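Observations on chain architecture
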Amino acid sequence: MVTPIGDTPQENFEAMKSGKSGVSKIAGSGFNDEDWPLSKIKHLEEENRYQALLKRTCSQLLKAYGQELFQSEKTLIIISSTKADIDSFPEDTFSSTRSIINELLTPVNTPVIISNACISGVLAINTAVDYLNDEKYTNVIAIGIDALSDFIVYGFQSLFALSDAPSRPFDKNRKGISIGEAGGAIMVSKERPSEMFSVEYLGGSSSNDANHISGPSRTGEGLFRSINLSAERAGINLKELDFISAHGTGTLYNDEMESIAFDRLGLNKIPLNSLKGYFGHTLGAAGIIELLATMLMMEHKLLLKSPGFEEQGTSCNINVLKENTESEAQLVLKTASGFGGGNASIILRK
Amino acid sequence: MRILGTCKIAESGVFVNGLARQFEVNEDWKKDLYASLNIEYPKFYKMDALAKMAFLGVELLESSCNFDDYSENEIALIFANRYSSYDTDQRFIESYTEKGSPGPSLFVYTLPNILTGELAIRKKWYGENIFFINEKFDAQFFIDQINFYFRKGSKACLCGWVDSANNQEECFLFLVENSIDEISIEELIKSYKQ
Amino acid sequence: MSDLKETLKEQIIEQLNLEDLTPADIQNEAPLFGEGLGLDSIDALEFIVLLEQNYNIKISDPSEGKEIFQSVDSLAAYIEKHQ
């Protein structure tokens, strides 16, 4: 888990616990040289940033699991990214991803790449489980990664979606997104490993809003449907949820949409946070690193506050965490929504 | 599983269920094909090449496939290509390097899955969506994915390989229904190679 | 001023990819948003780009656009005033 606030899951958790954020003003990062607040990994070289981030993520993986795991024919790698190497290789944005993975992790099976906007990470975990259920693999490693680039920053700037102060998901004074960069990976296995913390995947799904390619649905339709379907697949009653790790980008319309979907599902009282205040919005990495952070919260029995949230800023009441809260959360929901009208969700149990 | 229809559009022509349509694939082919189908959907003009191709492919498939047989949640959209949103990426880069300011609608289309969003909007499909980046069209890969989505409860899968890069455009769509039949990979590859 | 309006119509059609329309389809006083041409929030941002690229006018808050982009008339008046 490589983010601006840590190089390992443990480092990241400690940093989040102490309220540290990766978001800070980056001089001249805007199209007109504005100093946008971004969540930038400071010690990463500027040239070939994406490649450097992917290499570092791979080397963390090798440290944690050893080379052998990746060389097994029973192992599959799934990569989730929105723009991959758009800065250095705009003519074939995913080619360096393949070559770096092949060189460093030397897998037997061709990696699967998912590029489905901001729900890519959650879809990668759902797809990992699909492959495991198919019996061909015993381990699937889902890697989520996106790096900062002019392309992405200028793009969100052109949409007037960037916040001039660090983003404040669900808050009354939220003004937009803080873009971030990160790499992270989750191992999805048939069997619960004894040597490390793990959670059980109960169910997941996706659903399209069928409404607009960039504007969130006014009724939260796709998110509503996806959460219902995930609960059905998980065989649980949503009322039993202990915690929600929401998407919460910090834009007016996205956060409002999420609050409407949660309200329609009667989830108003369930403790909830958005981790974008710690990491920024890391696009294709978001689903993966936020799930990792959620698992860390479950392991440490501590639900982390939603940074930047002070006052209810959505039309529907939801229970956004203002303080770190001790909790034995057992049943947890993770959601994501993105451009193209996509929504995805996962239900986990400790 | 059973293939209910295929549609291939490439330089070689337009084929629906293997049959060539009277149509010349020239530089303006997407606009011409749209005009020939007599559809009223002004949003079409705003779409990028990928979304336009997928849109036209679905309209052509409708001549033999009745999408209304499935409810709004039952069709999964499984798409893939090699070059992601290459064409629009280039145009977006051009907007801020040469034209003076980054173009917001171009930026939105710099994600390949926008095309599944456009199809969902057009058809009011709320089902599952996923977009993969593969080195080449891989029939077995699609069949694996289709099996996953049938196992999860989708009744039909609309699959597509839609790519546009380096002056090459291709669009191959096929609709698959859940049934006990087995589909032949060779048949699928043959339809793709048309 | 009427030249400016005609030019604007052509620029609107090009910038917003309204290929099914001709300048004659856009009335000077008719609302551009809402029922009018079926434009949405991204189109509003494209108007900002149009002003920036063609008239060197910068709008830093999209909410200012609401009044400016009401019609071709209001858009032309704004350009005249700010150029």
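Just above, that's the structure.
Report on the accompanying structure. This is a predicted model, so every value here is computed, not measured.

What counts and how
Residues numbered from 1 in each chain as written. Chains lettered and ligands numbered in written order. Predicted model: local features only at pLDDT ≥ 70, side-chain atom pairs only at ≥ 80, totals over all residues. Heavy atoms only, no water. Contact = heavy atoms within 4.5 Å. Buried area = accessible area lost by both parts, 1.4 Å probe. Salt bridge = Lys/Arg side-chain N within 4 Å of Asp/Glu carboxyl O. Polar contact = N/O pair within 3.5 Å; in protein donor to acceptor, adjacent residues only side chain to side chain. Helix = DSSP H or I, 4+ residues; strand = E, 2+ residues; numbered from the N terminus. Nonpolar A, V, L, I, M, F, W, Y, C, P; charged D, E, K, R; others polar. Axes fitted to C-alpha atoms, helices over the stretch in contact; angles between N-to-C directions. Parallel < 35°, antiparallel > 145°, perpendicular 65-115°, else oblique. Left-handed = near helix turned anticlockwise from the far one by under 90°. Pairing = 2+ DSSP bridges.

The subject of this paragraph is the interface of chain B and chain C. Contacts between chain B and chain C engage 15 residues on the former and 13 residues on the latter. Interface of chain B and chain C: buried area, both sides summed, is about 1,000 Å²; carbon and sulfur atoms make up 49% of it. Among the residues of chain B in contact with chain C, B:Tyr45, B:Lys46 and B:Pro104 are the three that bury the most area, contributing 53% of the side total. Linking chain B with chain C are two salt bridges, by the criterion used here. Between B:Lys46 and C:Asp43 there is a salt bridge; the shortest N-O distance is 2.6 Å. The interface formed by chain B and chain C includes five residue pairs in polar contact (both at pLDDT 80 or more). Counting residues per element, the side of chain B that touches chain C draws most heavily on helix α4 (residues 104-108) of chain B, at four residues. Considering only residue class, the side of chain B that touches chain C consists of six nonpolar, five polar and four charged.

Let us look at unusual backbone geometry. Phi is positive for A:Lys301, which is not a glycine, with a value near 50°. Tracing the backbone shows A:Lys301 in the loop between α10 (286-300) and β10 (302-303). Of note, the phi angle at B:Asn166 is positive, near 50°, even though the residue is not glycine. Along the chain, B:Asn166 falls in the loop between β6 (156-165) and β7 (168-177).

A separate point is the packing of helix α2 (residues 49-61) of chain B against helix α5 (residues 114-123) of chain B. All names here are of chain B. At their nearest, the axes of α2 and α5 sit 8 Å apart, and the two run at 40° to each other. Judged by the angle between their axes, α2 and α5 are oblique. By crossing handedness, the relation of α2 to α5 is classed as right-handed. Residues Leu50, Ala51, Ala54, Phe55, Val58 and Glu59 of α2 form the contact with α5, whose participating residues are Leu115, Glu118, Leu119, Arg122 and Lys123. Among the residues forming the contact of α2 with α5, the class breakdown is seven nonpolar, no polar and four charged.

Turning our attention to the sheet that holds strand β3 (residues 19-20) of chain B. The sheet built from 11 strands is open, its strands ordered β6(A)-β5(A)-β3(A)-β4(A)-β5(B)-β4(B)-β6(B)-β7(B)-β1(B)-β2(B)-β3(B) with mixed pairing. In this open sheet, the two edge strands, each paired with only one partner strand, are β6 (182-189) of chain A together with β3 of chain B. Where α2(B) meets the sheet, it contacts β1 (2-10), β2 (13-16), β4 (75-81), β6 and β7 of chain B, and its direction lies at approximately 140° from that of β6(B). Docked against the sheet, helix α6 (residues 139-152) of chain B engages β4 (112-114) of chain A together with β4, β5 (129-133), β6 and β7 of chain B, running at close to 145° with respect to β6(B).

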